[in-house]
Amino acid sequence: MNRPLRYAIVILYILVAAYGCISSWIYGTRFFLYFTNLGNLYCLGLMVNELVRLIRRKPISLPLLQWEFGGLISILVIGAVFNLLLGDPTSAAYWANKPSVCLHLITPILYAIYFFSTRPVRKVTVGGIQSSILLPYLYIAFIYTRHLITGDQWFPYFFLDINRIGWGGAFCWILALTLVFVITGITFIYLGKKRSGRKV
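Residue positions are given per chain, counting from 1 as you read along its sequence in written order. Local features in a predicted model are, by the rule used here, given only for residues with pLDDT of at least 70; side-chain atom pairs are given and counted only at 80 or more, and totals for whole chains, interfaces and linings are based on all residues. Working from all heavy atoms in the structure, the side-chain values ignore hydrogens and water.

Visitor: Break down empty space enclosed by the protein for me, citing the residues and quoting the values.
Guide: Picture a little ball the size of a water molecule; that probe, rolled over the atoms, points out where space is still empty. Points on a 1 Å grid over protein atoms alone make up a cavity when a 1.4 Å probe fits among them but cannot get out, and a pocket when they form an open set with protein on both sides within 12 Å along at least five of seven lines; lining residues each have an atom within 4 Å of a point. Grid points are joined across faces, edges and corners, and a volume is the space filled by probe spheres set on the points. Inspection of the entire model under this criterion finds two cavities of 30 Å³ or more. Every residue lining the largest cavity is counted, 22 residues in all, and those nearest its centre are Phe35, Pro136, Phe159, Leu177 and Phe181. By the criteria applied, helices consist of DSSP H or I runs no shorter than four residues and strands consist of E runs no shorter than two, each listed in order from the N terminus. Secondary structure elements with two or more residues in the lining of the largest cavity: α2 (35–56), α3 (62–86), α6 (126–150) and α7 (162–195). The element best represented in the lining of the largest cavity is α6, accounting for six residues. In the scheme used here, Gly and all other residues not listed as nonpolar or charged are polar, with Ala, Val, Leu, Ile, Met, Phe, Trp, Tyr, Cys and Pro taken as nonpolar and Asp, Glu, Lys and Arg as charged. The residue inventory of the lining of the largest cavity, partitioned by class, reads 18 nonpolar, four polar and no charged. The calculated volume of the second largest cavity comes to roughly 70 Å³. For the second largest cavity, the full set of lining residues is Leu46, Met47, Glu50, Glu68, Tyr111, Tyr114, Phe115, Thr118 and Arg119. Only α2 and α5 (98–118) provide two or more residues apiece to the lining of the second largest cavity. A per-class count over the lining of the second largest cavity returns five nonpolar, one polar and three charged.

Visitor: Quick rundown of the packing of aromatic side chains? Include the residues and the values.
Guide: A pair of Phe, Tyr and Trp rings is counted when the ring centres sit within 6.5 Å of each other, with Trp represented by its six-membered ring. The angle between the planes then sorts it: under 30 degrees is stacked, over 60 is edge-to-face, the rest tilted. Taken as a whole and judged by the stated rule, the model has 17 aromatic pairs. Where Phe116 meets Phe188, the ring centres are 5.1 Å apart and the plane angle is 75 degrees; that geometry is what we call edge-to-face. Note that Phe116 is positioned in helix α5 and Phe188 in helix α7, a separation of 72 residues in sequence. Among the aromatic residues, ring-to-ring pairing joins Tyr34, Phe35, Tyr139, Trp154, Tyr157, Phe158, Phe159 and Trp173 into one connected group. One residue, Arg30, lies across the ring of Trp154, its end atom 4.0 Å from the ring centre. By definition, being over a ring means that NZ of Lys or CZ of Arg is both within 6 Å of the ring centre and within 35 degrees of the ring normal.

Visitor: Go over the side chain of Thr36 with me, naming the residues and quoting the values.
Guide: Along the polypeptide, Thr36 turns up in helix α2. Counted as a polar contact is a pair of N or O atoms within 3.5 Å, where, for protein atoms, one must be capable of donating a hydrogen and the other of accepting one, and residues adjacent in sequence contribute only when both atoms are in side chains. Within the local environment of Thr36, its side chain forms a polar contact with the side chain of His104, the two groups lying 3.0 Å apart.

Visitor: Give a detailed account of the packing of α2 against α3, specifying residues and quantitative values.
Guide: Here an angle of 0 to 180 degrees is reported between the N-to-C directions of two axes, which are lines fitted to C-alpha atoms, with helices fitted over the stretch in contact. α3 packs onto α2 with a crossing angle of 140 degrees between their chain directions and a minimal axis gap of 10 Å. For the element pair α2 and α3, the recorded crossing hand is left-handed. Within the contact between the two elements, α2 uses Phe35, Thr36, Gly39, Asn40, Tyr42, Cys43, Leu46, Asn49 and Glu50 and α3 uses Leu64, Trp67, Glu68, Gly71, Ser74, Ile75 and Ile78. For the contact of α2 with α3, the class distribution of residues is eight nonpolar, six polar and two charged. Take the far helix as your reference; a near helix turned counterclockwise from it by less than a right angle gives a left-handed crossing, and one turned clockwise gives a right-handed crossing. The criterion used for residue contact is that any of the two residues' heavy atoms lie within 4.5 Å.

Visitor: So, the packing of α3 against α5: which residues are in play, and what are the values?
Guide: How two helices sit against one another is set out by the angle between their axes and by the gap between those axes. Following both chains from N to C, one finds α3 and α5 inclined at 140 degrees, their axes separated by 9 Å at the closest point. Between α3 and α5, the crossing angle belongs to the class labelled oblique. α3 and α5 meet at a crossing whose hand is left-handed. Contacts from Leu65, Glu68, Phe69, Gly71, Leu72, Ile75, Leu76, Ile78, Gly79, Phe82 and Asn83 of α3 reach α5 at Ser100, Leu103, His104, Leu105, Thr107, Pro108, Tyr111, Ala112, Phe115 and Phe116. By residue class, the composition of the contact of α3 with α5 is 14 nonpolar, six polar and one charged. Oblique is the label for any angle not covered by the other classes, which are roughly parallel (under 35 degrees), roughly antiparallel (over 145) and roughly perpendicular (65 to 115).

If you want it as structure tokens, here you go:
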């Protein structure tokens, strides 16, 4: 991917993600209780860093590549979970909610296009998968710690709502989503190595 196109995608991503996050501030402090928002903020930070890196013409480091891969998995799972389980892309209401479309559909697509077009996926290691798991696990720890400290019975997602599905149900969902993160990461790494002509 040439540099002008890189600049275009990075700047477009920053604008779309910033619009989505700012417009989602209607949730007030609960903005920070949604993994969608936190995941998009994380990837927004990575893209701002990428813009700076492009301007300075600095090569990407291997550790940063792992964290970017973790962001890739997180934002793709965010999009998949929302569009398959929580939202209804066939409804007019879905498309009328522009901030939601930005954060659940456009940013995942833009991030994935940029990552796979500019990053040596073959160099992603197990650290990339670990980072992809660490991000949601930190989020889950935050949600339940907040619940235990404040006593607030509200949860942002049904699969974390212990009042509806119990601790056992929440654990099963967390395990299932963990497998999704891991399998997705392993699949991308395998395809990246296969594409480069190297053995996994």
